[in-house]
Amino acid sequence: MIKEFKEFIMRGNVLDMAVGVILGAALKSIVDSLTKNLINPIISLFVGQVDLSGIAVTIPGTKAVFQIGNFLNDVINFLIIAIIVFLIVKGFNKLRDMGKKTEEEVAEEAAPTQEELYLKEIRDLLAEKDHQ
């Protein structure tokens, strides 16, 4: 069982996923800071409150409180992370596609040059002459 666990952990997918989770957690803390320290103050120019988490709606006669500000912070964080992930994936795909050859390029490389055609013709003529 220990051997199977070791093989599982040492697979590339698990290690890649672990790195992704760690980087994702670090990215989240950076995005939280960006939202709290830069975006919320800009929004406060319009709303009048720097800390959006303080924005709440209470239903009269009940203890129900809707934390609209916390929801707005989470939406902003999600949008920033989504944009960053989109840009990372787009950049990765562009780098990956740069290494691929188009079908036309592959066909051009596979097609024999005029010199190769002449050499094959000479070879065939010599082979034909030897058989006579």
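Note: the structure precedes this text.
These figures come from a predicted structure and were not determined experimentally.

Caption draft 1: Molecular detail of the nonpolar core. In this structure, Val31, Leu52, Ile55, Ile76 and Ile80 together form the largest nonpolar core, which totals 5 residues. With near-sequence residues (within four places) excluded, Val31 lies in contact with Asn77, Ile80, Ile81 and Ile84.

Caption draft 2: Region of the structure containing the pattern of salt bridges. Counted under the stated rule, the structure contains 2 salt bridges. Here Lys28 and Asp32 are joined by a salt bridge, their closest N and O atoms 2.8 Å apart. A residue pair is termed a helical-turn pair when its members lie 3 or 4 positions apart in one helix, as Lys28 and Asp32 do in helix α2 (residues 12-47) at 4 residues. Classification of Lys28 by relative accessible area gives partly exposed; the value is 44%.

Caption draft 3: Summary view of a nonpolar patch on the surface. A cluster of nonpolar side chains, contributed by Val57, Ile59, Phe66, Ile68, Phe71, Leu72, Val75, Phe78 and Leu79, occupies part of the molecular surface with about 810 Å² of accessible area. The residue Ile68 is located in helix α3 (residues 68-98) in this model. Among the residues examined, Ile68 registers a relative accessible area of 35% and is labelled partly exposed.

Caption draft 4: Here's a closer look at α3. The terminal C-alpha atoms of α3 lie 45 Å apart, and with 31 residues this matches the ideal 45 Å at 1.5 Å per residue to within 8%. Regarding α3, the residues found buried are Gly69, Asn73, Ile76, Asn77 and Ile80.

Cut-offs applied
Residues numbered from 1 in each chain as written. Predicted model: local features only at pLDDT ≥ 70, side-chain atom pairs only at ≥ 80, totals over all residues. Heavy atoms only, no water. Core = buried A, V, L, I, M, F, W, Y, C linked by side-chain atoms within 4.5 Å. Buried < 20%, exposed > 50% of the residue type's maximum accessible area, 1.4 Å probe, protein only. Contact = heavy atoms within 4.5 Å. Salt bridge = Lys/Arg side-chain N within 4 Å of Asp/Glu carboxyl O. Helix = DSSP H or I, 4+ residues; strand = E, 2+ residues; numbered from the N terminus. Patch = residues over 30% accessible without salt bridge, like charges linked within 9 Å, V, L, I, M, F, W, Y side chains within 5 Å. Areas by Shrake-Rupley, 256 points an atom, 1.4 Å probe, with all protein chains shown as cover. Expected span 1.5 Å × (residues − 1).

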